[in-house]
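Listed here are the chains, written in short residue letters.
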Amino acid sequence: MELDWTTFILELINFLVLIWILNRFLYKPVMTVIAQRRTAIQKTQADVQQTRSEAETLRRQYENRLAEWEQERDQARAKLRDEISAERNRLLDGLRTELDQERQKAAAVEQRRLKDFTQQTEAAAIAQGATFASRLLSRLGGAELERSIIDLVMEDLPRLAQDKIQAIQSVPATTGLAMRITTGYPLDTTQRKVLGDACRTLMGREVPCEFLEDRNLIAGLRISFGSWVLHANVQDEMKCFVESSRHA
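Residues numbered from 1 in each chain as written. Predicted model: local features only at pLDDT ≥ 70, side-chain atom pairs only at ≥ 80, totals over all residues. Heavy atoms only, no water.

**Re the overall build of the chain**
Turning to step 1, where the next piece is worked out: Looking only at helices and strands, one finds five helices and four strands in the chain.
Turning to step 2, where the next piece is worked out: Of the regular secondary structure in the chain, the N- to C-terminal order runs α-α-α-β-α-β-β-β-α.
Turning to step 3, where the next piece is worked out: The buried share of the chain, taken over its 248 residues, is 19%.
Turning to step 4, where the next piece is worked out: Just so you have it, the chain exposes about 19000 Å², and 57% of that area is on carbon and sulfur atoms. (Helix = DSSP H or I, 4+ residues; strand = E, 2+ residues; numbered from the N terminus. Buried < 20%, exposed > 50% of the residue type's maximum accessible area, 1.4 Å probe, protein only. Areas by Shrake-Rupley, 256 points an atom, 1.4 Å probe, with all protein chains shown as cover.)

The following block contains the structure:
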């Protein structure tokens, strides 16, 4: 078989032309499309990677922020608990103080009421005792008891305190001012003379004496000269006992 160089060359030219045509109109466009697709894919992958990175960053930020929120929430709860506890303690302290004050007020009121009741009871008992004693003495009292009281007064007059004696002697000797001697029972002439002499001796000067009777005295006598009064009778002594008991 002989090689036909003409045919061979033509076939080679056809092949080269085919290759040029394929390279010109098929391979380059296909490679361009492939390159574009590759570029687009790479860009998409880069975008995806960037998006994934941003998403990861956002996730970490969210987790960090969530952790911060949890911490802030715990701190806020702890602070709120402390404030509630402090406010509760403050209110409880205020309530305790008010209760203590009310308790003290109630105790003071009760103590004052008990004291008033005790004083009223004591005053009533003293008044009743004084009434009973007055009634008893009014039945037991008589001229004999009065004479005994007058004898005691006669013994005690010279022994009066110096200030009392000065108070008696300082009463001005007004014209017509008499020394009043009141007794529960009538006095005889001797008793009147003895009492008058004792009073004039006490006064240190001559004064008229006026004798009166008052059965309310029960027994004893009352001597008065101006503003000065000497009580030595059962009625006044009982009143003095009641008054002194009330003040005590």
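Structure shown, so let's carry the discussion forward.
**So, the environment of Leu217**
Turning to step 1, where the next piece is worked out: By the element assignment, Leu217 lies in the loop between strand E2 (209-213) and strand E3 (220-225).
Turning to step 2, where the next piece is worked out: Since its relative accessible area comes to 0%, Leu217 is described here as buried.
Turning to step 3, where the next piece is worked out: Here the alpha-carbon distance between Leu217 and Thr182, two residues 35 residues apart in the chain, equals 8.7 Å.

**Side note on the side chain of Thr183**
Turning to step 1, where the next piece is worked out: Of note, Thr183 is situated in strand E1 (residues 179-183).
Turning to step 2, where the next piece is worked out: Contacts of Thr183, omitting those with residues within four sequence positions, involve Glu146, Leu212, Glu213, Asp214, Leu217, Gly220 and Leu221. (Contact = heavy atoms within 4.5 Å.)

**Let's talk about the pairing of E1**
Turning to step 1, where the next piece is worked out: By the criterion of burial, E1 is predominantly enclosed, with four of the five residues buried.
Turning to step 2, where the next piece is worked out: Relative to E2, E1 runs parallel, the two sharing five bridges. The partner of Thr183 across the bridge, within E2, is Glu213.
Turning to step 3, where the next piece is worked out: Regarding topology, helix H4 (residues 189-203) serves as the crossover connection from E1 to the parallel E2, and that connection is right-handed.
Turning to step 4, where the next piece is worked out: In terms of strand pairing, E1 meets E3 through four bridges, oriented antiparallel. What sits directly across from Arg180, in E3, is Ser224. (Pairing = 2+ DSSP bridges. Right-handed = clockwise from strand over helix to strand, strands pointing away.)

**Considerations on the pairing of E3**
Turning to step 1, where the next piece is worked out: With six of its six residues buried, E3 lies for the most part within the structure.
Turning to step 2, where the next piece is worked out: The side-chain alternation of E3 yields two buried faces, one formed by Gly220, Arg222 and Ser224 and the other by Leu221, Ile223 and Phe225.

**Re H4**
Turning to step 1, where the next piece is worked out: If you check H4, its first and last C-alpha atoms are 21 Å apart, about what 15 residues at 1.5 Å a residue would give, namely 21 Å.
Turning to step 2, where the next piece is worked out: Among all positions of H4, only Gln191, Leu195, Gly196, Ala198, Cys199, Leu202 and Met203 are buried. Here the buried residues of H4 occupy an arc of 165 degrees about the axis, which is enough to place them on one side. Along H4, the residues that are exposed and aim more than 90 degrees away from the buried face are Thr189, Thr190, Lys193 and Thr201. (Expected span 1.5 Å × (residues − 1). Arc of directions from axis to C-beta.)

**Quick word on the nonpolar core**
Turning to step 1, where the next piece is worked out: Counting residues in hydrophobic clusters, the biggest one holds 24 residues, and the most contacted among them are Val153, Met179, Leu221, Ile223, Phe225 and Trp228.
Turning to step 2, where the next piece is worked out: Put simply, the parts of the chain that give this core at least two residues each are helix H2 (143-156), helix H3 (162-169), E1, H4, E3 and strand E4 (228-233).
Turning to step 3, where the next piece is worked out: A total of five residues in this core trace back to one element, the largest contributor, which is H4.
Turning to step 4, where the next piece is worked out: Ignoring sequence-local partners within four residues, the contact set of Trp228 consists of Ile168, Val171 and Ile223. (Core = buried A, V, L, I, M, F, W, Y, C linked by side-chain atoms within 4.5 Å.)

**Quick notes on the pattern of salt bridges**
Turning to step 1, where the next piece is worked out: The final tally for this structure, using the stated rule, is 14 salt bridges.
Turning to step 2, where the next piece is worked out: With a shortest N-O distance of 2.5 Å, Glu87 and Arg90 are connected by a salt bridge. Of the two residues, Glu87 and Arg90 both sit in helix H1 (residues 5-140), three residues apart, roughly one turn of that helix.
Turning to step 3, where the next piece is worked out: Take Arg90: its relative accessible area is 48%, and that puts it in the partly exposed class.
Turning to step 4, where the next piece is worked out: Put simply, Lys193 and Asp197 hold a salt bridge, and the shortest N to O gap is 3.0 Å. Here Asp197 and Lys193 lie together in helix H4, a separation of four residues that amounts to about one turn.
Turning to step 5, where the next piece is worked out: Judged by its relative accessible area of 53%, Lys193 falls in the exposed class.
Turning to step 6, where the next piece is worked out: Accessibility expressed as a relative area gives 31% for Asp197, which makes it partly exposed. (Salt bridge = Lys/Arg side-chain N within 4 Å of Asp/Glu carboxyl O.)

**Re the confidence of the model for the chain**
Turning to step 1, where the next piece is worked out: On average, the chain scores 77 in pLDDT, and the residues at 70 or more come to 82%.
Turning to step 2, where the next piece is worked out: Confidence, read as mean pLDDT per element, is least for helix H5 (residues 234-247) in the chain (52) and greatest for E2 (83).
Turning to step 3, where the next piece is worked out: The low-confidence segment residues 240-248, where pLDDT is below 50, has four contacts with residues more than four positions distant or belonging to other chains. (pLDDT = per-residue confidence, 0-100.)

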